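# Close look at the chain arrangement
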Amino acid sequence: MDDGSRRQGTRVFKKSSPNGKITVYLGKRDFVDHISHVDPIDGVVLVDPDYVKERKVFGHVLAAFRYGREDLDVLGLTFRKDLYLASEQIFPLEDSEPPKRPLTRLQERLLKKLGPNAFPFFFELPPHCPASVTLQPAPGDTGKPCGVDYELKAFVADNPDDKPHKRNSVRLAIRKIMYAPSKPGEQPSVEVSKEFMMSPNKLHLEASLDKELYHHGESVGVNVHIANNSNRTVKKIKVSIRQFADICLFSTAQYKCTVAELEGDDGCPVGPGFTLSKVFYLTPLLANNKDKRGLALDGQLKHEDTNLASSTIICDPSQKENLGIIVQYKVKVKLCLGALGGDLVAELPFTLMHPKPEEESLPPQRPPQLTQNNNDDSVPLDANLIQLDTDGTTGYAEQDDDIIFEDFARLRLKGEADA
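The subject of this paragraph is the overall build of the chain. Assigned secondary structure in the chain consists of 4 helices and 21 strands. Burial statistics for the chain: of 419 residues in total, 47% are counted as buried. Partitioning the intrachain contacts of the chain with sequence separation of at least 6 by distance along the chain shows that 68% fall at a separation of at least 24. Total accessible area on the chain is roughly 21300 Å²; 50% of this is exposed by carbon and sulfur atoms.

So, in structure tokens, the structure goes:
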């Protein structure tokens, strides 16, 4: 087997400032929340020292909740709330301070490939930062959508508080994501009953799901059992999946949106003394809800690569206000009894998330290598890297040529002039 077929290069995203004087290199755009910690944001900035001269290069990571359009910002009032900000000086390196963290293997390789004008950076997000969530805009809306977004920025300035100029700054949209837990919760089930005047017994409804955790694109199986011991008739059964989005800003507001629904006439009407058992299958998909403004979606890097927002896992209820947007899903089963009988309703909460990729099953962090390993036969595995050759048969020096640079995709929506 030749080297070309056995080995894949390391994909690295890059983006340059409009004047080309600084370029940011980043190993990935999605940073995973492992509950106990979040993947660090580390990369390299290539600087033109003749342009920077006596000035400095700063970097910052900003998590913000945008709740209004940018073009409506007037009189210095912005429709956004900053949820988290980290900042550091990237260039020149401060000799008085020891390095905050050893270089990752990718940073070592980039510094070797890019030369002496490349400088590393490192940011660490706290565990309770919000996940990237976008609220679906209306068809005619332009500009950045509302929601929680993360931005990595590198810019040239004299002080970190100076307003960056567009020509010598780089802005990259990144995402903080969370994958489905390895252990799902208990199987959801509920029993409800309703009494009626002049009726000796009740109308009884049992509903359950086949499991508690579903992945995006999976069908949700809803088991419904009706025991009608009343003197009323069940005329219709409606089953729906609703998304609940709690906006935790200055005050908590909740938005509900139906993302899948089904009406069942088969087996109806269920008259007095009869029973009915049936399974309904619904699939919550963004493709069927493109016209619903305000629907919560997973954070976007490009217009096409998103889906319904994943469920929010709340580990510490006291930190709710820091989560920005809390997303939950519930199945609603409604028995329609007509104008005089009213309805009987049951709700079942469940979790909707992405499965954890295969490589994520590896330990998320390991002590990075301080120096190059002199033994070419043992190449360490770094979980912060992507598409690395780790079979231990390729020398370190050869691998430096395997870096594949890919332009960083801008956050664009239809009708948006510039991200």
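Back to the text.
A few words on the nonpolar core. Ile41, Leu152, Val222, Ile226 and Val331 are the most contacted members of the largest nonpolar core, which totals 75 residues. Of the residues forming this core, the biggest block, 6 residues, is contributed by strand S19 (residues 325–336). In contact with Ile41, not counting residues within four places along its chain, are Leu26, Phe31, Val61, Phe121, Phe122, Phe123, Leu125, Leu152 and Ile174. Core analysis: the next-biggest nonpolar cluster, separate from the first, contains 9 residues, Val12, Val44, Leu110 and Ile403 among them.

With respect to topology, 5 strands assemble into an open sheet ordered S7-S4-S2-S1-S21, the strand pairing being mixed. Each end of this open sheet is capped by a strand with a single partner; those strands are strand S7 (118–123) and strand S21 (403–407). Averaged over all pairs of adjacent strands, the angle between strand axes in this sheet comes to 30°, irrespective of strand direction. Direction of pairing for strand S4 (residues 41–47) relative to S7: antiparallel, over a ladder of 6 bridges. Bridging from a neighbouring strand, Asp42 pairs with Phe122 of S7.

Attention shifts here to helix H3 (residues 105–114). With respect to burial, H3 is a largely interior element, 8 of its 10 residues being buried. Taken residue by residue, H3 has Arg105, Leu106, Gln107, Glu108, Arg109, Leu110, Leu111 and Leu114 as its buried positions. In the stretch just after H3, Gly115 is the one whose phi turns positive, near 100°.

Within this structure, the stated rule accounts for 11 salt bridges. The partner of Lys21 in a salt bridge is Asp48, with the nearest N and O atoms 3.6 Å apart. Remark: Asp48 occurs in the loop between S4 and helix H2 (49–52) and Lys21 occurs in the loop between strand S1 (10–16) and strand S2 (22–26); sequence separation between them is 27 residues. Note that Arg175 and Asp30 form a salt bridge whose closest N and O atoms lie 2.8 Å from each other. A residue pair is termed long-range when its members are at least 10 positions apart, and Arg175 in strand S10 (residues 169–177) and Asp30 in strand S3 (residues 30–32) qualify at 145 residues. Residue classification places Arg175 among the buried residues on the basis of a relative accessible area of 13%. Taking relative accessible area as the criterion, Asp30 reaches 24% and is therefore assigned partly exposed. Several salt bridges share partner residues, and in doing so they unite Lys236, Lys238 and Glu263 into one network.

Considering the arrangement of structural elements, one finds Arg167 in the loop between strand S9 (147–157) and S10. When its relative accessible area of 47% is taken as the criterion, Arg167 is described as partly exposed. Residues Arg167 and Pro18, spaced 149 residues apart in sequence, show a C-alpha to C-alpha distance of 5.0 Å. In contact with Arg167, not counting residues within four places along its chain, are Ser17, Pro18, Asn19 and Tyr51.

It is worth spelling out the sheet that holds strand S12 (residues 203–209) at this point. Reading across from one edge, S11-S12-S14-S17 is the order of the 4 strands in this open sheet, with antiparallel pairing throughout. One side of each edge strand has no neighbouring strand; the edge strands of this open sheet are strand S11 (189–194) and strand S17 (275–282). Averaged over all adjacent pairs, the angle separating strand axes in this sheet is 15°, with direction ignored. By the bridge criterion, 8 bridges tie strand S14 (residues 220–228) to S17 in an arrangement that is antiparallel. For Val222, the partnering residue across the bridge sits in S17 and is Phe280.

What counts, and where the lines are drawn
- Residues numbered from 1 in each chain as written.
- Predicted model: local features only at pLDDT ≥ 70, side-chain atom pairs only at ≥ 80, totals over all residues.
- Heavy atoms only, no water.
- Helix = DSSP H or I, 4+ residues; strand = E, 2+ residues; numbered from the N terminus.
- Buried < 20%, exposed > 50% of the residue type's maximum accessible area, 1.4 Å probe, protein only.
- Contact = heavy atoms within 4.5 Å.
- Areas by Shrake-Rupley, 256 points an atom, 1.4 Å probe, with all protein chains shown as cover.
- Core = buried A, V, L, I, M, F, W, Y, C linked by side-chain atoms within 4.5 Å.
- Pairing = 2+ DSSP bridges.
- Axes fitted to C-alpha atoms, helices over the stretch in contact; angles between N-to-C directions.
- Salt bridge = Lys/Arg side-chain N within 4 Å of Asp/Glu carboxyl O.

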